[in-house]
Amino acid sequence: MSNAPIGFESTDHPVLAIEDLTVSFDGFKAVDKLNLYVQRNEVRVVIGPNGAGKTTVLDLICGKTQATSGSIRFNNHELTKMSEHAIVRVGVGRKFQTPSIYENLSVFENLEMSFPRGRKVFGALTFKRSPDVVARVESVAAEIFLDQHLYTQADLLSHGQKQWLEIGMLLMQEPELLMLDEPVAGMSVSEREKTAQLLGRISQGRSVVVIEHDMDFVKSIAHKVTVLHQGKILAEGSMDKVQSDPKVIDVYLGH
Ligand SMILES: Nc1ncnc2c1ncn2[C@@H]1O[C@H](COP(=O)(O)OP(=O)(O)OP(=O)(O)O)[C@@H](O)[C@H]1O
(Lines give C-alpha, C1' and ligand atoms only; values in the text may rest on other atoms or scores of the structure.)
Protein backbone atom coordinates (compact mmCIF):
# COMPACT_ATOMS: atom_id res chain seq x y z
CA MET A 1 0.00 0.00 0.00
CA SER A 2 1.45 3.31 -0.98
CA ASN A 3 -1.04 5.89 0.19
CA ALA A 4 0.80 7.83 2.87
CA PRO A 5 -1.27 9.26 5.71
CA ILE A 6 -2.51 12.80 5.30
CA GLY A 7 -1.05 15.05 7.99
CA PHE A 8 -3.28 16.29 10.76
CA GLU A 9 -3.35 19.64 12.43
CA SER A 10 -2.36 19.48 16.03
CA THR A 11 -4.17 21.71 18.51
CA ASP A 12 -3.55 22.37 22.16
CA HIS A 13 -6.90 20.92 23.12
CA PRO A 14 -7.16 17.20 22.52
CA VAL A 15 -10.62 15.84 21.71
CA LEU A 16 -9.86 12.84 23.89
CA ALA A 17 -7.74 13.13 27.03
CA ILE A 18 -7.15 9.98 29.07
CA GLU A 19 -5.32 10.53 32.34
CA ASP A 20 -4.13 8.06 34.98
CA LEU A 21 -6.63 5.52 33.71
CA THR A 22 -6.52 2.22 35.58
CA VAL A 23 -8.72 -0.85 35.55
CA SER A 24 -8.15 -3.85 37.79
CA PHE A 25 -9.75 -7.21 37.25
CA ASP A 26 -9.41 -9.09 40.57
CA GLY A 27 -6.22 -7.19 41.35
CA PHE A 28 -4.76 -7.61 37.83
CA LYS A 29 -4.20 -4.21 36.21
CA ALA A 30 -5.18 -4.62 32.55
CA VAL A 31 -4.74 -0.84 32.10
CA ASP A 32 -2.29 0.84 34.43
CA LYS A 33 -2.14 4.64 34.92
CA LEU A 34 -2.54 5.26 31.20
CA ASN A 35 -2.22 8.77 29.71
CA LEU A 36 -3.35 9.15 26.10
CA TYR A 37 -4.28 12.26 24.11
CA VAL A 38 -5.94 12.24 20.69
CA GLN A 39 -6.44 15.32 18.51
CA ARG A 40 -9.12 16.23 16.00
CA ASN A 41 -8.32 15.10 12.41
CA GLU A 42 -6.03 12.42 13.80
CA VAL A 43 -5.90 8.70 13.03
CA ARG A 44 -4.28 7.09 16.06
CA VAL A 45 -3.35 3.42 15.87
CA VAL A 46 -2.91 1.37 19.04
CA ILE A 47 -0.69 -1.67 18.65
CA GLY A 48 0.87 -4.15 21.07
CA PRO A 49 1.07 -7.84 21.90
CA ASN A 50 -1.95 -9.97 22.83
CA GLY A 51 -3.25 -9.08 26.26
CA ALA A 52 -1.56 -5.63 26.25
CA GLY A 53 -4.87 -3.93 27.13
CA LYS A 54 -5.83 -2.48 23.73
CA THR A 55 -9.42 -3.72 23.63
CA THR A 56 -9.86 -2.86 27.30
CA VAL A 57 -8.92 0.78 26.57
CA LEU A 58 -11.66 0.98 23.90
CA ASP A 59 -14.09 -0.76 26.29
CA LEU A 60 -13.32 1.88 28.93
CA ILE A 61 -13.80 4.77 26.48
CA CYS A 62 -17.18 3.52 25.26
CA GLY A 63 -18.38 2.71 28.79
CA LYS A 64 -18.57 -1.06 28.34
CA THR A 65 -16.05 -1.46 31.18
CA GLN A 66 -15.93 0.70 34.32
CA ALA A 67 -12.60 2.30 35.22
CA THR A 68 -11.15 1.59 38.65
CA SER A 69 -9.64 5.08 38.71
CA GLY A 70 -8.57 7.90 36.43
CA SER A 71 -10.27 10.10 33.89
CA ILE A 72 -11.43 9.97 30.26
CA ARG A 73 -12.35 13.43 29.01
CA PHE A 74 -14.02 13.72 25.61
CA ASN A 75 -14.57 17.37 24.72
CA ASN A 76 -16.14 18.57 27.98
CA HIS A 77 -17.60 15.23 29.05
CA GLU A 78 -16.16 12.94 31.71
CA LEU A 79 -16.91 9.55 30.13
CA THR A 80 -16.04 7.45 33.20
CA LYS A 81 -19.21 8.79 34.83
CA MET A 82 -21.53 8.18 31.87
CA SER A 83 -23.58 5.22 30.60
CA GLU A 84 -22.81 3.52 27.28
CA HIS A 85 -25.89 5.13 25.67
CA ALA A 86 -24.99 8.60 26.90
CA ILE A 87 -21.45 8.15 25.53
CA VAL A 88 -22.87 7.32 22.08
CA ARG A 89 -25.10 10.41 22.28
CA VAL A 90 -22.18 12.76 22.93
CA GLY A 91 -20.51 11.50 19.75
CA VAL A 92 -18.46 8.37 20.37
CA GLY A 93 -18.91 5.49 17.90
CA ARG A 94 -17.37 2.05 18.32
CA LYS A 95 -17.08 -0.70 15.77
CA PHE A 96 -16.39 -4.18 17.07
CA GLN A 97 -14.55 -6.87 15.10
CA THR A 98 -17.69 -8.76 14.09
CA PRO A 99 -20.09 -6.63 12.05
CA SER A 100 -23.46 -6.15 13.72
CA ILE A 101 -25.47 -5.33 10.61
CA TYR A 102 -29.00 -6.51 9.83
CA GLU A 103 -28.32 -9.27 7.29
CA ASN A 104 -31.89 -9.45 5.98
CA LEU A 105 -32.16 -5.71 5.30
CA SER A 106 -30.73 -3.77 2.35
CA VAL A 107 -27.73 -1.46 2.56
CA PHE A 108 -30.15 1.47 2.36
CA GLU A 109 -32.30 0.17 5.22
CA ASN A 110 -29.29 -0.59 7.42
CA LEU A 111 -28.01 2.96 6.98
CA GLU A 112 -31.46 4.49 7.37
CA MET A 113 -31.99 2.66 10.67
CA SER A 114 -28.82 4.22 12.03
CA PHE A 115 -30.00 7.77 11.41
CA PRO A 116 -30.15 9.37 14.87
CA ARG A 117 -33.91 10.01 14.83
CA GLY A 118 -34.08 9.03 18.51
CA ARG A 119 -32.33 12.25 19.40
CA LYS A 120 -35.35 14.31 18.46
CA VAL A 121 -38.46 14.59 20.61
CA PHE A 122 -41.12 12.18 19.29
CA GLY A 123 -38.59 11.28 16.59
CA ALA A 124 -38.97 7.53 16.89
CA LEU A 125 -42.76 7.73 16.49
CA THR A 126 -42.97 10.24 13.69
CA PHE A 127 -39.99 9.11 11.65
CA LYS A 128 -40.63 9.15 7.91
CA ARG A 129 -38.28 8.66 4.99
CA SER A 130 -37.67 12.34 4.40
CA PRO A 131 -35.48 13.75 1.60
CA ASP A 132 -32.75 14.71 4.04
CA VAL A 133 -32.55 11.14 5.37
CA VAL A 134 -32.38 9.79 1.81
CA ALA A 135 -29.68 12.32 0.91
CA ARG A 136 -27.67 11.40 3.98
CA VAL A 137 -27.96 7.64 3.29
CA GLU A 138 -26.83 8.21 -0.30
CA SER A 139 -23.88 10.34 0.71
CA VAL A 140 -22.71 7.85 3.38
CA ALA A 141 -23.19 4.94 0.93
CA ALA A 142 -20.92 6.72 -1.57
CA GLU A 143 -18.34 7.34 1.14
CA ILE A 144 -18.22 3.60 2.04
CA PHE A 145 -18.05 2.45 -1.63
CA LEU A 146 -21.57 0.99 -1.55
CA ASP A 147 -23.51 3.49 -3.66
CA GLN A 148 -23.94 0.85 -6.37
CA HIS A 149 -25.32 -1.60 -3.79
CA LEU A 150 -27.96 0.51 -2.03
CA TYR A 151 -30.70 -2.07 -2.60
CA THR A 152 -28.54 -5.16 -2.12
CA GLN A 153 -29.51 -7.26 0.88
CA ALA A 154 -26.67 -7.06 3.41
CA ASP A 155 -26.09 -10.83 3.59
CA LEU A 156 -25.08 -10.79 -0.10
CA LEU A 157 -22.22 -8.34 0.51
CA SER A 158 -18.59 -9.49 0.75
CA HIS A 159 -16.96 -9.61 4.16
CA GLY A 160 -15.18 -6.30 3.46
CA GLN A 161 -18.36 -4.60 2.24
CA LYS A 162 -20.11 -5.68 5.46
CA GLN A 163 -17.33 -4.06 7.48
CA TRP A 164 -17.74 -0.85 5.45
CA LEU A 165 -21.49 -0.95 5.97
CA GLU A 166 -20.98 -1.05 9.71
CA ILE A 167 -18.60 1.90 9.49
CA GLY A 168 -21.31 3.65 7.45
CA MET A 169 -23.90 2.92 10.14
CA LEU A 170 -21.62 4.65 12.64
CA LEU A 171 -21.06 7.58 10.25
CA MET A 172 -24.84 8.10 10.02
CA GLN A 173 -24.64 9.22 13.65
CA GLU A 174 -21.86 11.71 12.82
CA PRO A 175 -19.56 10.69 15.67
CA GLU A 176 -16.70 12.98 16.61
CA LEU A 177 -14.67 10.01 17.77
CA LEU A 178 -14.75 6.74 15.89
CA MET A 179 -13.08 3.62 17.33
CA LEU A 180 -12.39 0.56 15.22
CA ASP A 181 -11.09 -2.83 16.35
CA GLU A 182 -9.07 -4.58 13.60
CA PRO A 183 -11.12 -3.15 10.72
CA VAL A 184 -9.25 -4.97 7.93
CA ALA A 185 -9.13 -8.48 9.43
CA GLY A 186 -10.18 -10.91 6.69
CA MET A 187 -10.24 -8.24 3.94
CA SER A 188 -8.72 -8.63 0.47
CA VAL A 189 -5.75 -6.47 -0.56
CA SER A 190 -7.92 -4.09 -2.58
CA GLU A 191 -10.46 -3.83 0.26
CA ARG A 192 -7.60 -2.94 2.63
CA GLU A 193 -6.42 -0.19 0.31
CA LYS A 194 -9.91 1.24 0.06
CA THR A 195 -10.34 1.05 3.84
CA ALA A 196 -7.10 3.02 4.28
CA GLN A 197 -8.50 5.71 1.93
CA LEU A 198 -11.80 5.66 3.82
CA LEU A 199 -10.17 6.12 7.23
CA GLY A 200 -8.03 8.98 5.90
CA ARG A 201 -11.17 10.70 4.62
CA ILE A 202 -13.36 10.13 7.66
CA SER A 203 -10.71 11.43 10.04
CA GLN A 204 -11.25 14.89 8.53
CA GLY A 205 -13.17 16.80 11.18
CA ARG A 206 -13.13 13.98 13.72
CA SER A 207 -10.76 11.62 15.53
CA VAL A 208 -10.27 7.95 14.68
CA VAL A 209 -8.72 5.38 17.03
CA VAL A 210 -7.85 2.00 15.50
CA ILE A 211 -6.52 -1.20 17.05
CA GLU A 212 -4.57 -3.08 14.41
CA HIS A 213 -2.03 -5.90 14.09
CA ASP A 214 -1.33 -5.62 10.33
CA MET A 215 1.78 -3.42 10.20
CA ASP A 216 1.49 -2.60 6.47
CA PHE A 217 -1.99 -1.29 7.14
CA VAL A 218 -0.84 0.60 10.25
CA LYS A 219 1.84 2.27 8.14
CA SER A 220 -0.70 3.34 5.55
CA ILE A 221 -3.13 4.99 7.99
CA ALA A 222 -1.42 6.07 11.22
CA HIS A 223 -0.64 9.67 11.98
CA LYS A 224 0.68 8.51 15.31
CA VAL A 225 1.12 5.05 16.85
CA THR A 226 0.76 4.13 20.53
CA VAL A 227 2.37 0.87 21.61
CA LEU A 228 0.76 -0.71 24.65
CA HIS A 229 2.41 -3.37 26.78
CA GLN A 230 1.06 -4.70 30.08
CA GLY A 231 -1.49 -1.90 30.29
CA LYS A 232 1.09 0.87 29.90
CA ILE A 233 2.52 2.88 27.03
CA LEU A 234 5.76 1.35 25.84
CA ALA A 235 6.35 3.84 23.02
CA GLU A 236 4.48 6.53 21.11
CA GLY A 237 5.13 8.57 17.98
CA SER A 238 5.42 8.18 14.24
CA MET A 239 5.43 4.68 12.75
CA ASP A 240 9.10 5.11 11.83
CA LYS A 241 9.97 6.07 15.39
CA VAL A 242 8.16 3.20 17.12
CA GLN A 243 9.27 0.69 14.51
CA SER A 244 12.91 1.36 15.22
CA ASP A 245 12.48 1.44 19.02
CA PRO A 246 14.40 -1.53 20.48
CA LYS A 247 11.80 -1.95 23.28
CA VAL A 248 9.02 -2.28 20.69
CA ILE A 249 11.04 -4.72 18.58
CA ASP A 250 11.75 -6.73 21.71
CA VAL A 251 8.17 -7.14 22.97
CA TYR A 252 6.16 -6.98 19.76
CA LEU A 253 7.56 -6.39 16.29
CA GLY A 254 10.40 -8.88 16.60
CA HIS A 255 7.95 -11.77 17.17
N1 LIG B 1 -13.55 -8.52 31.91
C2 LIG B 1 -12.33 -9.00 32.18
N3 LIG B 1 -12.10 -9.74 33.29
C4 LIG B 1 -10.87 -10.21 33.57
N5 LIG B 1 -9.79 -10.00 32.80
C6 LIG B 1 -9.95 -9.29 31.69
C7 LIG B 1 -11.23 -8.75 31.31
N8 LIG B 1 -11.08 -8.07 30.14
C9 LIG B 1 -9.77 -8.18 29.80
N10 LIG B 1 -9.09 -8.91 30.73
C11 LIG B 1 -7.66 -9.21 30.71
O12 LIG B 1 -6.98 -7.99 30.52
C13 LIG B 1 -5.83 -8.18 29.69
C14 LIG B 1 -5.90 -7.25 28.51
O15 LIG B 1 -6.86 -7.74 27.58
P16 LIG B 1 -7.23 -7.01 26.22
O17 LIG B 1 -8.29 -7.83 25.56
O18 LIG B 1 -7.52 -5.59 26.48
O19 LIG B 1 -5.87 -7.14 25.41
P20 LIG B 1 -5.58 -6.78 23.89
O21 LIG B 1 -4.36 -5.95 23.89
O22 LIG B 1 -6.79 -6.22 23.26
O23 LIG B 1 -5.24 -8.22 23.29
P24 LIG B 1 -5.57 -8.86 21.84
O25 LIG B 1 -4.57 -8.29 20.88
O26 LIG B 1 -5.34 -10.32 22.09
O27 LIG B 1 -6.99 -8.54 21.51
C28 LIG B 1 -5.81 -9.66 29.32
O29 LIG B 1 -4.92 -10.32 30.20
C30 LIG B 1 -7.24 -10.09 29.54
O31 LIG B 1 -7.30 -11.46 29.88
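Up top you'll find the structure we're talking about.
Below, the structure is looked at part by part. Computed from a predicted structure; not experimentally measured.

## So, unusual backbone geometry
Phase 1 of the analysis: The phi dihedral of Asp20 is positive, around 55°, even though this residue is not glycine.
Phase 2 of the analysis: Inspection of the secondary structure puts Asp20 in strand 1 (residues 16-25).
Phase 3 of the analysis: For Phe145, which is not glycine, the phi torsion reads 65° and is therefore positive.
Phase 4 of the analysis: Turning to its location among the elements, Phe145 is positioned in the loop between helix 5 (131-143) and helix 6 (159-171).
Phase 5 of the analysis: Judged by its relative accessible area of 18%, Phe145 is buried.

## Re the sheet that holds strand 9 (residues 224-229)
Phase 1 of the analysis: On the basis of which strands lie adjacent, the open sheet formed by six strands has the order 6-7-8-3-9-10 and mixed pairing. The sheet is open, and its two borders are formed by strand 6 (92-95) and strand 10 (232-237), each paired with just one other strand. Across this sheet, the average inter-strand angle for adjacent strands is 20°, counted without regard to direction.
Phase 2 of the analysis: In the sheet, strand 3 (residues 43-47) pairs with strand 9 via four bridges, with the strands oriented parallel. Its bridge partner being in strand 9, Ile47 is matched across the sheet by Val227.
Phase 3 of the analysis: Against the sheet, helix 10 (residues 246-253) contacts strand 3, strand 9 and strand 10, and its axis sits at roughly 120° relative to strand 10.

## Some remarks on the environment of Gly91
Phase 1 of the analysis: In this structure, Gly91 sits in the loop between helix 2 (84-89) and strand 6.
Phase 2 of the analysis: Sequence separation between Gly91 and Asn75 is 16 residues, and the spatial gap between their C-alpha atoms is 9.7 Å.
Phase 3 of the analysis: If sequence neighbours within four positions are ignored, Gly91 has contacts with Phe74, Pro175, Glu176 and Leu177.

## Some thoughts on the pattern of salt bridges
Phase 1 of the analysis: Under the definition given, this model contains eleven salt bridges.
Phase 2 of the analysis: Note that Arg44 and Glu236 form a salt bridge whose closest N and O atoms lie 3.3 Å from each other. Pair noted here: Arg44 is in strand 3 and Glu236 is in strand 10, with a separation of 192 residues, a long-range link.
Phase 3 of the analysis: Of the charged contacts, one joins Arg94 and Asp59 as a salt bridge, the two residues approaching to 2.9 Å between their closest N and O atoms. Residue Arg94 is located in strand 6, and its partner Asp59 is located in helix 1 (residues 54-61); the two are separated by 35 residues in the primary sequence. For the residue pair Arg94 and Asp59, the accessibility class agrees, reading buried in each case.
Phase 4 of the analysis: Salt bridges here are not isolated pairs; linked through shared partners, they connect Glu42, Arg44 and Glu236.

Conventions we followed
- Residues numbered from 1 in each chain as written.
- Predicted model: local features only at pLDDT ≥ 70, side-chain atom pairs only at ≥ 80, totals over all residues.
- Heavy atoms only, no water.
- Helix = DSSP H or I, 4+ residues; strand = E, 2+ residues; numbered from the N terminus.
- Buried < 20%, exposed > 50% of the residue type's maximum accessible area, 1.4 Å probe, protein only.
- Pairing = 2+ DSSP bridges.
- Axes fitted to C-alpha atoms, helices over the stretch in contact; angles between N-to-C directions.
- Contact = heavy atoms within 4.5 Å.
- Salt bridge = Lys/Arg side-chain N within 4 Å of Asp/Glu carboxyl O.

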